[in-house]
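Chain by chain, the residues run as shown.
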Amino acid sequence: MRTMKSIKKEEIRDLLGKGWLTHDGMWFYQTAKEFGINKANQLNRAAIKSMSVFEAERLIKILGIERPVKNLDEIKRFVLNGMQVTLPVSVFSKFSLIVHPGNVLRWEWENEECFAYKSMKRMGLLDGYECGVIYRIECWFEHSGIKFNAYPTIRKCMMHEKGYCRGTFKFLLG
């Protein structure tokens, strides 16, 4: 048997992150079973919106981000480091974020690798599931005072409906 001292920090972080994701997924599943998928989506989005206020503040503080966020590099660092801190490495490593001209960040999940997509597929809830992952990032921006437009506007799971999950954020920096 291993001891705490022999377990690497990355292993503990991955375990805790997966535990949080499992709890989140099971909460959604039980809510959908009890109240239906529409109510589960509604409650999930409300929880994400209210949680993101605290989460964004904590991320800004721990990452040492100064407000107001003024440029695309700071925004990219906020998203990437924020996701890296909150998600297990095995999940985060499937996500990419690329800077494009015109204050645009292009995001993408590897094919069939979004953790929410995989969980909803296992639970049989893909047909009605509304994406909470990208909504969470959008809530970080809103709370942090970062003005943006998202393309496309996402509601349903893109991976399920289109076979891919990608889009862009165009930031209104000035």
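Criteria and thresholds
All residue numbers refer to position in the chain's written sequence, counted from 1. Where totals are concerned, whole chains, interfaces and linings use all residues; where local detail is concerned, this predicted model gives features only for residues with pLDDT of at least 70, and gives and counts side-chain atom pairs only at 80 or more. Only heavy atoms go into the side-chain values, all of them from the structure, while hydrogens and water stay out. A run of H or I in DSSP becomes a helix once it reaches four residues, and a run of E becomes a strand once it reaches two; helices and strands are each numbered from the N terminus. Take the buried residues of types Ala, Val, Leu, Ile, Met, Phe, Trp, Tyr and Cys, join any two whose side-chain atoms come within 4.5 Å, and each joined set is a nonpolar core. Here the term buried applies to any residue with accessible area under 20% of the maximum for its type, exposed to any over 50%, and partly exposed to those in between, with areas from a 1.4 Å probe on protein chains only. Whether two residues are in contact is decided by their heavy atoms: any pair within 4.5 Å suffices.

**Student:** Honestly, unusual backbone geometry in this entry has me stumped. Any pointers?
**Tutor:** A negative phi angle is the norm for most residues apart from glycine, just as the trans form is the norm for most peptide bonds. Residue P68 is bonded to the preceding R67 through a cis peptide linkage, with omega at -10°. Along the polypeptide, P68 turns up in the loop between helix 2 (37-63) and helix 3 (72-86). Omega for the bond connecting Y151 with P152 falls within 30 degrees of zero, at -10°, which places this linkage in the cis form. Along the polypeptide, P152 turns up in the loop between strand 3 (148-151) and helix 7 (158-162). One non-glycine residue with positive phi stands out, namely E112, at about 60°. Its location among the elements puts E112 in the loop between strand 2 (104-109) and helix 5 (115-123).

**Student:** So what exactly am I meant to see when it comes to the nonpolar core here?
**Tutor:** Soluble globular proteins tend to bury their nonpolar side chains together. By size, the foremost hydrophobic cluster in this structure holds 49 residues, and its most contacted members are F78, M83, W107, W109, F141, F169 and F171. At six residues, the largest contribution of residues to this core is made by helix 3. Setting aside anything within four residues of it in sequence, one finds F78 in contact with A56, L59, I60, L63, I65, W140, F141, S144 and I146.

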